[in-house]
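A look at the structure
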Amino acid sequence: MDTQIRHRLVLILPPFQGHLTPMLHLATILHSKGFSITIASHDNFNSPNPSNHPNFSFLPLFYGLSETQISSKNFVDITVTLNTKCVSPLKELLVDQIEKANTSHEKIACVIYDGLMYSIDSVARELKLPSIVLRTTSATNFLTYHAFLQRQSRGCLPLQDCMSLDMVPELEPLGFKDLQPLRFKDLPMFNSHVMQQQITKTLAIRPSLGVICNTVNCLEDKSLCRLHDLYEISVFPIGPLHMMAEEDSTSSSCVEEDYSCIGWLNNQATKSVLYVSLGSIASWDEKELTEVAWGLANSKQKFLWVIRPGTINDVSEWLESLPKEVKMAIEERGCIVKWAPQREVLAHQGVGGFWSHCGWNSTLESLCEGVPIMCQPYFGDQRVNARLLSHVWKVGLEWSNVIERNEIEGTVRRLMVNEEGKEMAQRAFKLKNEIRLAVKAGSSYDALNGLVKRILSLNL
Ligand code: UDX
């Protein structure tokens, strides 16, 4: 790299846990490649703590979200507002950065933004700044957006209920043919006009330097090839980003992690614990929590359970209201925390299974540690990920998803005790090693070098 002029990258952080974590990992990776990093992030909503990231410069970006919107947790509505209101403050911020760079032997080499923030495309274009989009979901999920648009343009929407188990013909050439293909019921539901517009807009963006996918060839090679053909711009699969940034031990958690569960795990037998967590958005209501508590208790397995703040009014009161036998089972075999250091938990030898909503970060984190998954997808990309886990990589358990104590007891035992679960664990172990190889010296490592060259080639 030119020693005279430093190359600075401006990364724009979306204020959602599942999106900001991969972006911060990307920042760490690119910093280790010699780039200076500026992070533009919302100043009062899920903003990271700058003191955890002393190598980066942080700038507040006014996204214009109201308190009511923030507390509504309406992801779609928040995303629309972010995209309409961030444009002019972002332009100001970038103009200011360009001016500062000019006076300090620096160059803004590139703007990197999340695919959710589609309106940044036009800002980068107008300021003639090279740009890259980070896609934080699987490549296969991204292809489902294309399938959606194709169907829409042919007038094949909305989908009929009777088609839910049919396979999606637009995704068939993916090469899933020999495996179980994606069915209509696995696709993200774009059931409002606003969501459909968002998909159309995010697909329309054409970042000048290409697209980074938080995925790895050995998981999604066919989808990646297909994406490359469809998109006609460079695609860099440099994931899993948390593995590529492994020397980074700083937390990007929006909630404080409770490390007491690691002490509890240290006292458990190898692979004996089921880790239960639905990520940062999905949740069970009180009635469901009670069924889960019964199911876990009756399964007789050890469990570490994340019940996020705000899931129900008062967790202690709810725990107290449970029947004595369930309370005793939780005391004897369970550990409940508000938020866990998830990557450390999954890497712990005590953990043998993960009951997950199949968010893409949780999916990757589990795959990287060889932990098989009991799949409970809720919305968005989660059904696609669950289908990949259960029918393509065969390390995830598909079940009825009915939150009822007997169903839960049986499914937990299928994963943690039965032969079926043990075979999944063996496949997960193999996959973990393949992923690790790709990160150390294989496809992800090569793709990262390709990405760095690409950024520098336009900025010499
Ligand atoms: C959202 C979407 O729901 C998901 O489908 C999409 O792929 C990304 O955006 P989220 O629901 O939060 O994300 O799920 P996920 O992608 O799994 O991300 C959750 C993150 O929170 C993970 O990195 C996980 O390690 C972390 N986490 C979760 C903790 O650190 N502690 C916890 O207790 C729970």
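Scanning the chain for helices and strands turns up 19 helices and 13 strands. By the compact-globule yardstick of 23 Å for 460 residues, the chain fits well, its C-alpha radius of gyration being 22 Å. Taken over the C-alpha atoms alone, the chain extends approximately 70 × 50 × 45 Å along its principal axes. Within the chain, the proportion of its 460 residues that are buried is 56%. Put simply, 72% of the contacts in the chain that link residues at least 6 apart link residues at least 24 apart. Accessible area for the chain stands at about 19,800 Å²; split by element, carbon and sulfur atoms hold 51% of it. Side chains of the chain carry 44 positive and 50 negative charges; the gap between the two charge centres is 4 Å.

Here the focus is the packing of helix H11 (residues 286–299) against helix H17 (residues 405–416). One can describe the packing of H11 onto H17 by two numbers: an axis separation of 8 Å at closest approach and a directional angle of 45°. With respect to H17, the axis of H11 lies oblique. In this structure, H11 meets H17 at a crossing whose hand is right-handed. Across the interface between the two elements, Glu291, Val292, Trp294, Gly295, Leu296, Asn298 and Ser299 from H11 touch Arg405, Ile408, Glu409, Val412 and Arg413 from H17. Looking at the contact of H11 with H17 residue by residue, the class counts come to five nonpolar, three polar and four charged.

With that out of the way, let us pick up a nonpolar patch on the surface. Taken together, the side chains of Phe75, Ile281 and Phe379 make up a nonpolar region of the molecular surface, amounting to roughly 240 Å² of accessible area. By secondary structure assignment, the location of Phe379 is in the loop between strand S12 (373–375) and helix H16 (382–392).

Looking now at the state of the cysteines. All told, the structure shown has zero disulfides when counted by the stated rule. Distance from the sulfur of Cys110, which forms no disulfide, to the nearest cysteine sulfur (Cys213) is 15 Å. The exposure class assigned to Cys110 is buried, which follows from its relative accessible area of 0%. Cysteine Cys358 is unpaired, with the sulfur of Cys375 as its nearest cysteine sulfur at 3.9 Å.

A separate point is the pairing of strand S1 (residues 6–12). In terms of residue burial, S1 counts as a mostly covered element, since six of its seven residues are buried. Pairing analysis gives seven bridges linking S1 to strand S4 (residues 106–114), with the strands arranged parallel. Pairing of Leu11 across the sheet is with Ile112, part of S4. Strand direction decides the pairing type here: S1 and strand S2 (residues 36–42), joined by five bridges, are parallel. Directly across from Val10, in S2, lies its bridge partner Thr38.

In this section: the site of the ligand. In the vicinity of the ligand there are 20 residues, among which Ser280, Ala340, Ser362, Glu365 and Asp381 approach most closely. One of the side-chain N or O atoms of Gln342 is found 3.3 Å from an oxygen atom in the ligand. Here an oxygen atom of the ligand sits 2.9 Å away from a polar atom, N or O, in the side chain of Asn361. Considered on its own, the ligand offers 660 Å² of accessible surface; in the complex 96% of this is hidden by protein. Elements with a contribution of two residues or more to the shell around the ligand: helix H1 (17–32), strand S8 (273–277) and helix H15 (360–368). The biggest single contributor to the shell around the ligand is H15, with four residues. When its residues are assigned to classes, the shell around the ligand shows seven nonpolar, eleven polar and two charged. Looking at which domains feed residues into the shell around the ligand, each of domain 1 (6–251 + 439–457) and domain 2 (260–436) gives three or more.

Before going further, it helps to examine the pairing of strand S5 (residues 131–135). Taken residue by residue, a regular strand's side chains alternate between the two faces of the sheet. With respect to burial, S5 is a largely interior element, five of its five residues being buried. Residues Ser131, Val133 and Arg135 line one face of S5 and the alternating positions Ile132 and Leu134 line the opposite face, and both faces are buried. Taken together, the four bridges between S4 and S5 define a ladder with parallel strand orientation. By the bridge assignment for S5, Asp114 is matched with Leu134. Regarding the hand of the β-α-β motif, the stretch spanning S4, helix H5 (residues 120–126) and S5 is right-handed. Looking at chain direction, S5 and strand S6 (residues 210–213) are connected through four bridges and run parallel. Bridge pairing links Ile132 to Gly210 in S6.

The rules we used
Residues numbered from 1 in each chain as written. Predicted model: local features only at pLDDT ≥ 70, side-chain atom pairs only at ≥ 80, totals over all residues. Heavy atoms only, no water. Helix = DSSP H or I, 4+ residues; strand = E, 2+ residues; numbered from the N terminus. Rg over C-alpha atoms; globule rule 2.2 N^0.38 Å. Buried < 20%, exposed > 50% of the residue type's maximum accessible area, 1.4 Å probe, protein only. Contact = heavy atoms within 4.5 Å. Areas by Shrake-Rupley, 256 points an atom, 1.4 Å probe, with all protein chains shown as cover. Lys, Arg positive; Asp, Glu negative; His and termini not counted. Charge placed at Lys NZ, Arg CZ, Asp CG, Glu CD. Axes fitted to C-alpha atoms, helices over the stretch in contact; angles between N-to-C directions. Parallel < 35°, antiparallel > 145°, perpendicular 65-115°, else oblique. Left-handed = near helix turned anticlockwise from the far one by under 90°. Nonpolar A, V, L, I, M, F, W, Y, C, P; charged D, E, K, R; others polar. Patch = residues over 30% accessible without salt bridge, like charges linked within 9 Å, V, L, I, M, F, W, Y side chains within 5 Å. Salt bridge = Lys/Arg side-chain N within 4 Å of Asp/Glu carboxyl O. Disulfide = S-S within 2.5 Å. Pairing = 2+ DSSP bridges. Near = heavy atom within 4 Å. Polar contact = N/O pair within 3.5 Å; in protein donor to acceptor, adjacent residues only side chain to side chain. Domains from an automatic or database assignment. Right-handed = clockwise from strand over helix to strand, strands pointing away.

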